[in-house]
Amino acid sequence: MKLQSILLPCLACCLFPAASQAVLTSVYRFDETSGATTADTIRGAPGIGNLNGGTSFVAGKIGNAVDLNGSTGYITALNTVPTGTTSYSVAAWAWADSAPVWGSIVKNWGGATPGAFHLGFDNASGRISNYVSVPTPGPAIATGVLSLGAWHHIALTYDGGGATQTLYIDGSAVSTVGASSSLTAIGTLMGIGVKLGDTQVGPDGGAPGFWDGKIDDLAFWSNTLTPAEVLTIKNNGDLGIGVGVPEPASFSFLALAALGLVRRRR
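Numbering of residues starts from 1 in every chain and runs along the sequence as written. Local features in a predicted model are, by the rule used here, given only for residues with pLDDT of at least 70; side-chain atom pairs are given and counted only at 80 or more, and totals for whole chains, interfaces and linings are based on all residues. Side-chain measures were taken over the full set of non-hydrogen atoms in the model, leaving aside hydrogen atoms and water.

Trainee: Can you tell me about the pattern of salt bridges, naming the residues and giving the values?
Mentor: Salt bridge, as used here, is a side-chain nitrogen of Lys or Arg placed within 4 Å of a carboxyl oxygen of Asp or Glu. The full count for this structure, using the stated rule, is 4 salt bridges. Two residues, D40 and R43, come together in a salt bridge whose shortest N-O distance is 2.6 Å. With a shortest N-O distance of 3.4 Å, K61 and D238 are connected by a salt bridge. Placement of K61 in the loop between β4 (55-59) and β5 (64-69) and of D238 in helix α2 (residues 227-238) is noted, with a sequence separation of 177 residues between them. Sharing partners across several salt bridges, the network here consists of K61, K234 and D238. Strands are runs of DSSP state E lasting at least two residues, helices are runs of H or I lasting at least four, and both sets are numbered from the N terminus onward.

What follows is the structure in structure tokens.
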């Protein structure tokens, strides 16, 4: 038996014991080049996102991305975090040209009625935050403003069992706060780049929270990702691998490389 056949699975299990727990439920890569819809590569037809005015496909962080104009552009899709959810995670690459009031990355939230999640700028502060159903003691919110004109990896993990949510910016946890033990969604849709109104027929008339900039590789998981998984997903994006946690073989390769057992090609 070759030495590597013993080392690879052992190193993968030792260094990345939680990797196999990540369960993707929805992924929008936004790699289309034209058209009025965008694919959910996990849910297929039921998850198709519908583009609305001022939304286009442009070069992104990985492949293509959607570009939203900050005033009329947004996407609607079937909500991936239904009522009763007790654990989920969401991550995306986001580029902000400006920081509009309540600028939205992705939300299931109404105008007057809280929903399951509310990820984007917090009011007019320029700081990224997330609210969940009846947040206690308040939203997870970054301590500093998000720099404009650059890609950032934004992630949120929610653990109903521990009644907490944690916000990550560029692979680092920036806020952990209390949260409800389960989530209550509003309607059946979520807005990407917008906060929908209570009736979900369009943007909230009071505070639509349009995103001004680009969004790429938006993904949801049905579990609470570990800090190591969030960082791995962010780093894999930097390498152009895309959304998700690598398979054990990829982990093993990275582990061997870290130990100097794999040489780089020159």
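That covers the picture; the talk isn't over yet.
Trainee: Now, about α2: what can you tell me, with residues and values included?
Mentor: Helix length check: α2 (12 residues) gives 17 Å between terminal C-alpha atoms against 16 Å at 1.5 Å per residue, within 8%. The classification of residues rests on relative accessible area computed with a 1.4 Å probe and restricted to protein chains. Under 20% of the type maximum is buried, over 50% is exposed, and intermediate values are partly exposed. Those residues of α2 that sit buried are E229, V230, T232, I233, K234, N236 and G237. G240 sits one or two residues past α2 and shows a positive phi near 85 degrees. A helix is expected to reach a length of 1.5 Å times the quantity of its residues less one.

Trainee: Tell me what's going on with unusual backbone geometry, and back it up with residues and numbers.
Mentor: Leaving glycine out, the prevailing phi sign among residues is negative, and the prevailing peptide bond configuration is trans. Its identity is not glycine, yet F30 carries a phi of approximately 55 degrees, on the positive side. The residue F30 is located in the loop between β1 (24-28) and β2 (37-38) in this model. Looking at F30, the relative accessible area reads 1%, which means it is buried. Look at A163: it is not a glycine, yet its phi comes out positive at around 50 degrees. Mapped onto the elements of the fold, A163 is located in the loop between β12 (151-159) and β13 (164-169).

Trainee: Explain the nonpolar core to me, and be specific about the residues and the numbers.
Mentor: Counting residues in hydrophobic clusters, the biggest one holds 40 residues, and the most contacted among them are Y88, I105, V106 and I128. Per-element tally for this core: the top contributor is strand β7 (residues 87-96), with 5 residues. Counting residues in each nonpolar core, the second largest holds 11 residues, with A91, Y168, W221 and V230 among its members. Grouping buried Ala, Val, Leu, Ile, Met, Phe, Trp, Tyr and Cys residues that are joined through side-chain atoms within 4.5 Å yields what is termed a nonpolar core.

Trainee: Quick one: what's the story with the sheet that holds β2, residue by residue and with numbers?
Mentor: Should DSSP find at least two bridges between two strands, the strands are taken to pair. One open sheet holds the 8 strands; their spatial order is β2-β3-β6-β15-β8-β9-β10-β11, and the pairing between them is antiparallel. For this open sheet the edge positions go to β2 and β11 (140-141), each flanked by a neighbour on one side alone.

Trainee: Help me get a handle on empty space enclosed by the protein, residues and values and all.
Mentor: A 1.4 Å probe that fits into a set of points on a 1 Å grid over the protein atoms alone but cannot get out defines a cavity; an open set with protein on both sides within 12 Å along at least five of seven lines defines a pocket, and lining residues are those with an atom within 4 Å of a point. Grid points are joined across faces, edges and corners, and a volume is the space filled by probe spheres set on the points. Considering all chains together, one arrives at 1 cavity of 30 Å³ or more under this definition. Put simply, the largest cavity is a space of about 50 Å³. If you go around the largest cavity, the residues you meet are I62, A91, A92, W93, H153, D217, A219, W221, I233, G237, G242 and V243. If you list the elements that add at least two residues to the lining of the largest cavity, you get β7, β16 (212-221) and α2. When its residues are assigned to classes, the lining of the largest cavity shows 8 nonpolar, 3 polar and 1 charged. When residues are grouped by polarity, Ala, Val, Leu, Ile, Met, Phe, Trp, Tyr, Cys and Pro land in nonpolar, Asp, Glu, Lys and Arg in charged, and all others, Gly among them, in polar.

Trainee: Describe the pairing of strand β15 (residues 189-192), listing the residues and the values that go with them.
Mentor: Note: strand β6 (residues 74-78) against β15, 4 bridges, orientation antiparallel. Residue pairing across strands places T76 opposite G191, the latter belonging to β15. Relative to β15, strand β8 (residues 104-108) is paired through 2 bridges, and the arrangement is antiparallel. From the neighbouring strand, K107 faces β15, where its bridge partner is G191.

Trainee: Outline the side chain of H152, supporting the account with residue identities and numerical values.
Mentor: With respect to the helices and strands, H152 occurs in strand β12. Accessibility expressed as a relative area gives 9% for H152, which makes it buried. Throughout this description, a polar contact denotes any pair of N or O atoms lying within 3.5 Å of each other; where both atoms belong to protein, one of them has to be capable of donating a hydrogen while the other can accept it, and for residues adjacent in sequence the pair is counted only when both atoms sit in side chains. Of the polar contacts made by the side chain of H152, one reaches the side chain of D170; its length is 2.9 Å. In this structure H152 touches A92, W93, A94, L146, S147 and D170, once residues within four positions along its chain are discounted. In what follows, a contact means two residues having at least one pair of non-hydrogen atoms within 4.5 Å.

Trainee: Tell me about the environment of W151, residues and numbers included.
Mentor: Tracing the sequence through the fold places W151 in strand β12. In this structure, the C-alpha to C-alpha distance between W151 and G213, residues 62 residues apart in sequence, is 10.0 Å. Excluding anything up to four places from it in sequence, W151 contacts G60, K61, A65, W93, A94, W95, D170, K214, I215 and D216.

Trainee: So what about the environment of G63? Which residues, and what values?
Mentor: As for its placement among the helices and strands, G63 is situated in the loop between β4 and β5. On a C-alpha basis, the gap between G63 and T33 in space is 10.0 Å, while along the polypeptide they are 30 residues apart.

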